[in-house]
Amino acid sequence: MKKVTFMCTAFRDGFQSVYGARVLTKDFLPAVEAARDAGISYFEAGGGARYQSLYFYCNEDAFDMMDRFRAAAGPEANLQTLARGVNVVGLESQSSDIIDLHARLFKKHGITTIRNFDALNDVHNLVHSGQSITRHGLKHQVCVTLMQLPPGCTGAHDADFYEKTLRDILAAEIPFDSVCFKDASGTCVPSTVYETIRRARQILGADAFIHYHTHETAGISVLSNKAALDAGADAIDLSMAPCSGGTCQPDLLVMWHALRGSEYDLGIDPDKIREVEEVFKECMADYFLPPEAIAVEPLIPWSPMPGGALTANTQMLRDNGIMDKYPEMIKAMSDVVRKGGFGTSVTPVSQFYFQQAFNNVMFGEWQKIAESYGKMVLGYFGRTPVPPDPEVVEQAREQLGLEPTTTPPIELNDADPKKGIEAARKVCREHRLEESEENLFIIATCGEKGIAFLKGEATLGIRKTPKTKSSEANVRRENSSSASGPGDYDVTVNGKRYALRIDGNTATVNGRKYAVDLAVAEAGHSGGGMVVAEELHEVHAQMPGKVLKLFVNTGDAVSDHQPLLILEAMKMEVTVNAPLAGTIVSVDVAVGDQVANGQKLASIG
């Protein structure tokens, strides 16, 4: 029997793939302890989306989570995190000093191994990060990222391309302890998996440690895992219910069952794993379980949407009230991948793809280039496997005001005064925050939301099981009973009839809106009434989102195209500008508000 090593991904990739990475530490630690007691000693324990999500949605410190995970898993456990090359644990690429700080801090907070990948398979993006990981005493698992191109597409993403990427890693002399072939979308067909790992074993030799990672999203994970093992892989990734199957890795028990009677052995006691899964299910019982997280999606080969990004994005679509647009966005992904240069659909590139698909659905095809997608096709994240569509590159250049570049991202970032430790230190001083290494890293990787967390201003964004419809209806009735709505009137002046609607300090006369000053006359006195001011110009949201920042207040004078506020949706920040010069008559939203598409944000007189 050949012993198969496995990493338990339930508490990192499982959380990302099911709950959009929005899980509180206290809720899942009992399951970690149960898994430890059942003999599991290799865990994925953070990084990837489970870094930013703790600050963005959970109001928790990721470094504290790692410390607590280490305490629960025990001193001998191999705790692994996920890193994205020059992007480390965020969507934005970083300078060399932040990349080095990432490795130093993760080692400090109990991590053993870092799995490190570049979504474009641009090996230049792995050199400095790999050196930093090994220099600080961590094990480096370097990655080649896989996916199957949508049907009808050709170019890269075959065994020849993956072999070339591996040889480029070796030629760059990147230090590593093991190699992972990572298929985040679960679309790479088993025959390609087999041939790729067979060649890797020949290149690396018998003693090299080869790890394979996939998801069940397209329904082929068990077959792909078996193909990887047959080709010579040493390890695979497996998860546990309720974070298994569907968008996640296959369940430990499912893979154990699939390997029964074969030459492979996972080395588990299945009855003990059943007990662990019962504990885990109880831990997660209050969390909202998206239906798409537990299903195979036959359309994924045409997208392809990674399991870890799929539910994170559907959570955001639900938050913004546009879940009905999801099927259109999945279909739009195919064209976005075709024209984007075939970067692997794994974070951050998968998010760039989805942001552009979102824009293509909401604003019309290629009418609005998402900033990150545009920067990718322009070369600001490295070299794409094949050249992106020239027309899309030109649109990105025009809309973003950036020229294409071949300069490596790390060089661009090191020359950027807004990036790096010193830039983060200035932000700490500006907000009177402690200049600890952890705080500097949080600010560099999480931006405004990291600052909000450090200032105690972060809010919870986790999704627990929703209330019953009856209780929600009662709340709505209670709220509506005390609300005073707008008033509608028919007014005749000099024989001419007008339709008048009064809503706060806004009057609508025959469909045209005006700012008004209302005053109620005291008994026995005249002088009350309404004074009509200038005509109003309303500013409406062009997309749903959350108000991230306000730049103006009522009474401020603004110029044409002056920024009024920033909306955040689908991990994009969209600046809303003034449509004309004037005075701010009203600001109708506050920071933290969730706004719908078309909702009034402000008015200008």
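About the criteria used
- Residues numbered from 1 in each chain as written.
- Predicted model: local features only at pLDDT ≥ 70, side-chain atom pairs only at ≥ 80, totals over all residues.
- Heavy atoms only, no water.
- Helix = DSSP H or I, 4+ residues; strand = E, 2+ residues; numbered from the N terminus.
- Buried < 20%, exposed > 50% of the residue type's maximum accessible area, 1.4 Å probe, protein only.
- Contact = heavy atoms within 4.5 Å.
- Areas by Shrake-Rupley, 256 points an atom, 1.4 Å probe, with all protein chains shown as cover.
- Salt bridge = Lys/Arg side-chain N within 4 Å of Asp/Glu carboxyl O.
- Polar contact = N/O pair within 3.5 Å; in protein donor to acceptor, adjacent residues only side chain to side chain.
- Pairing = 2+ DSSP bridges.
- Phe/Tyr/Trp six-rings, centres within 6.5 Å; stacked < 30°, edge-to-face > 60°.
- Right-handed = clockwise from strand over helix to strand, strands pointing away.
- Expected span 1.5 Å × (residues − 1).
- pLDDT = per-residue confidence, 0-100.
- Arc of directions from axis to C-beta.

1. Remarks on the overall build of the protein chain
Scanning the protein chain from terminus to terminus reveals 20 helices and 23 strands. Expressed as a percentage of its 605 residues, the buried residues of the protein chain come to 55%. In the protein chain, the share of contacts with a sequence separation of at least 24, taken over all contacts with a separation of at least 6, comes to 71%. When the accessible area of the protein chain is evaluated, it comes to approximately 25,400 Å², of which 49% is carbon and sulfur surface.

2. What to know about the pattern of salt bridges
Within the structure shown, the criterion is met by 33 salt bridges. The salt bridge partner of Arg201 is Asp234, with a shortest N-O separation of 2.8 Å. On the criterion of sequence distance, the pair formed by Arg201 in helix α8 (residues 190-204) and Asp234 in the loop between α9 (221-231) and β9 (235-238) is long-range, its members being 33 residues apart. Here the two residues Arg201 and Asp234 agree in accessibility, since each one is buried. Within this structure, Asp160, Glu163, Arg167, Glu195, Arg198 and Arg199 form a network of salt bridges that share partners.

3. Details of the side chain of Ser93
Secondary-structure assignment places Ser93 in the loop between β4 (78-83) and α5 (96-108). Polar side-chain contacts of Ser93 include one of 3.0 Å to the side chain of Asn413. What Ser93 contacts, discounting residues up to four positions off in sequence, is Val86, Asn87, Phe381, Pro409, Asn413 and Lys419.

4. A closer look at the environment of Glu365
Structurally, the position occupied by Glu365 is in the loop between α14 (349-363) and α15 (371-377). Judged by its relative accessible area of 59%, Glu365 is exposed. For the pair formed by Glu365 and Val336, sequence separation is 29 residues and the distance between their alpha carbons is 9.8 Å.

5. Notes on the sheet that holds strand β16 (residues 537-540)
Read across the sheet, 4 strands follow the order β16-β23-β21-β18 without closing on themselves; strand pairing throughout is antiparallel. This sheet does not close on itself; its edge strands, each paired only once, are β16 and β18 (557-558). Pairing of strand β21 (residues 582-587) with strand β23 (residues 600-604) involves 3 bridges; the strand directions are antiparallel. Considered in β23, the bridge of Val587 is made with Ala602.

6. Overview of the environment of Tyr55
When you line up the elements, Tyr55 lands in helix α3 (residues 49-56). Look at Tyr55 and you get buried, because its relative accessible area is 1%. Tyr55 sits 387 residues away from Ile442 along the chain, and the two C-alpha atoms are 8.6 Å apart. Not counting the four nearest positions on each side in its chain, Tyr55 is found in contact with Glu60, Asp61, Ala62, Phe63, Ile442, Cys446, Phe453 and Ala458.

7. A closer look at the packing of aromatic side chains
With the rule as written, the count across this model stands at 24 aromatic pairs. Ring centres 6.5 Å apart and planes at 50° place the aromatic pair Phe15 and Tyr19 in the tilted group. Separated by 4 residues within a single helix, Phe15 and Tyr19 lie in helix α1 (residues 13-19), roughly one turn from each other. Across the pair, exposure class does not vary: Phe15 and Tyr19 are buried alike. Ring plane angle 40° and centroid distance 5.9 Å describe the contact between Trp366 and Tyr373, whose orientation is recorded as tilted. Three or more aromatic residues link up through ring pairs in this structure, and these residues are Phe11, Phe15, Tyr19, Phe28, Phe43, Phe69, Phe280 and Tyr287.

8. A short note on the pairing of strand β7 (residues 178-182)
For β7, the buried fraction is high: 5 of the 5 residues fall into the buried class. Side chains of β7 alternate between two faces, with Ser178, Cys180 and Lys182 and Val179 and Phe181 buried alike. When strand β6 (residues 139-145) meets β7, the two strands line up parallel, connected through 5 bridges. Looking across to β7, one finds that Gln141 is bridged to Ser178. In terms of handedness, the path from β6 via helix α7 (residues 159-171) over to β7 forms a crossover that is right-handed. In the sheet, β7 pairs with strand β8 (residues 210-213) via 4 bridges, with the strands oriented parallel. Looking across to β8, one finds that Val179 is bridged to Ile210. For the handedness criterion, the β-α-β arrangement of β7, α8 and β8 is classed as right-handed.

9. Digging into α7
For α7, with 13 residues, the first-to-last C-alpha span of 18 Å sits near the 18 Å given by 1.5 Å per residue. Looking at the buried side of α7, the elements it contacts are α6 (124-135), β6, β7 and α8. Just past α7, the residue Glu173 takes up positive phi, approximately 55°.

10. Side note on the side chain of Thr81
You can see Thr81 is positioned in strand β4. In contact with Thr81, other than residues within four places in its own chain, are Ala45, Gly46, Gly47, Met66, Phe106, Ile111, Thr113, Ile114 and Arg115.

11. A short note on the environment of Asp118
Within the secondary structure, Asp118 is located in the loop between β5 (113-116) and α6. With 225 residues separating them along the chain, Asp118 and Gly343 place their C-alpha atoms 9.3 Å apart. Beyond its immediate chain neighbours, meaning those up to four positions away, Asp118 contacts Asn125, Leu126 and Thr145. Within the local environment of Asp118, its side chain forms a polar contact with the backbone nitrogen of Asp122, the two atoms lying 2.8 Å apart.

12. Side note on the confidence of the model for the protein chain
Residues with a pLDDT of 70 or more make up 89% of the protein chain, whose mean pLDDT is 89. Contacts from residues 468-484, a stretch scored under 50 in pLDDT, to residues over four places away or in other chains number 1 contact.

13. Overview of helix α11 (residues 270-283)
Its 14 residues place the ends of α11 20 Å apart at the C-alpha level, agreeing with the 20 Å of an ideal helix rising 1.5 Å per residue. Along α11, the positions that sit buried rather than exposed are Pro270, Ile273, Val276, Glu277, Phe280 and Cys283. On an axial view of α11, the arc spanned by its buried residues comes to 120°, and they lie on one face. Projecting away from the buried face of α11 at angles above 90 degrees are the exposed residues Arg274, Glu275 and Glu282. For α11, the elements touching its buried residues are α1, α2 (25-37) and α10 (252-258).

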